[in-house]
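Analysis of the macromolecular model
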Amino acid sequence: MRLTQYSDFALRVLIYLATIPNNDELVRIDDIAKSYGISKNHLTKVIHQLSKLKVVDSARGKNGGIRLAMHPKNINVGNIVRQTEPDFFVVACFADEPAQDDLMTDNLMTNDLRKIKTLDLSVGQPAMSCVISPACHLKQVFAEATKAFLQVLDSYTLADIISNADELRHCLSLYDG
């Protein structure tokens, strides 16, 4: 399974905010973008969603910025990934099959309204159904694998991810004082 760049950036933003020496300090998006060498425009969209999810507080204006809205131990990695991924369609047949719905009913995917159609990336058209889909057991294997993937993510918080905060601060050029 591969996460989108959007989810990657969301997790990076949270790591950055969780490792700054003064948790109450407002951080500029420019500083995060510069530390990671990524687009400010992309980060702005990600931060907007994190703010809507109430994971990040934001303040506009000259002295504005962002900071974590809650303690890192209260930010579950699995929940963040569910909220930032458009879907978990590991294979094209998940888009139309109950196996995907099973993941949602198990509370493993709370963001079911953001499902998008699976696209055949080579031509930009909706993926064609597989001829063996009605009899295929492979999709159940992928459904179980996705469920296990999300269960592992659910077992971690942002606090777990930043247990090496000093090393992360060094890598991000964040220092006390």
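Refer to the structure above for everything that follows.
Let me sum up the structure you'll find in this document.

Calculation notes
- Residues numbered from 1 in each chain as written.
- Predicted model: local features only at pLDDT ≥ 70, side-chain atom pairs only at ≥ 80, totals over all residues.
- Heavy atoms only, no water.
- Axes fitted to C-alpha atoms, helices over the stretch in contact; angles between N-to-C directions.
- Helix = DSSP H or I, 4+ residues; strand = E, 2+ residues; numbered from the N terminus.
- Parallel < 35°, antiparallel > 145°, perpendicular 65-115°, else oblique.
- Contact = heavy atoms within 4.5 Å.
- Nonpolar A, V, L, I, M, F, W, Y, C, P; charged D, E, K, R; others polar.
- Salt bridge = Lys/Arg side-chain N within 4 Å of Asp/Glu carboxyl O.

**Regarding the packing of helix α1 (residues 5-19) against helix α3 (residues 40-52)**
- Two elements in contact, α1 and α3, have axes separated by 9 Å at closest approach and are oriented at 75°. Our classification of the angle between α1 and α3 gives roughly perpendicular. Across the interface between the two elements, Gln5, Tyr6, Phe9, Ala10, Val13 and Leu14 of α1 pack against His42, Leu43, Lys45, Val46, Ile47, Gln49 and Leu50 of α3.
- Residue composition of the contact of α1 with α3, by class: nine nonpolar, three polar and one charged.

**Considerations on unusual backbone geometry**
- Backbone geometry at Lys54 places phi at a positive 65°, although glycine is not the residue there.
- With respect to the helices and strands, Lys54 occurs in the loop between α3 and β1 (56-59).
- Within the chain, Ser173 stands out as a residue other than glycine whose phi angle is a positive 60°.
- Looking at the element boundaries, Ser173 is found in the segment after α8 (165-171).

**A look at the pattern of salt bridges**
- Following the criterion strictly, the structure yields five salt bridges and no others.
- A salt bridge links Asp30 to Arg28; the nearest nitrogen and oxygen atoms lie 3.3 Å apart.
- Because the salt bridges share partners, they merge into one network encompassing Arg28, Asp30 and Lys40.

Keep in mind these numbers describe shape, not what the thing actually does.
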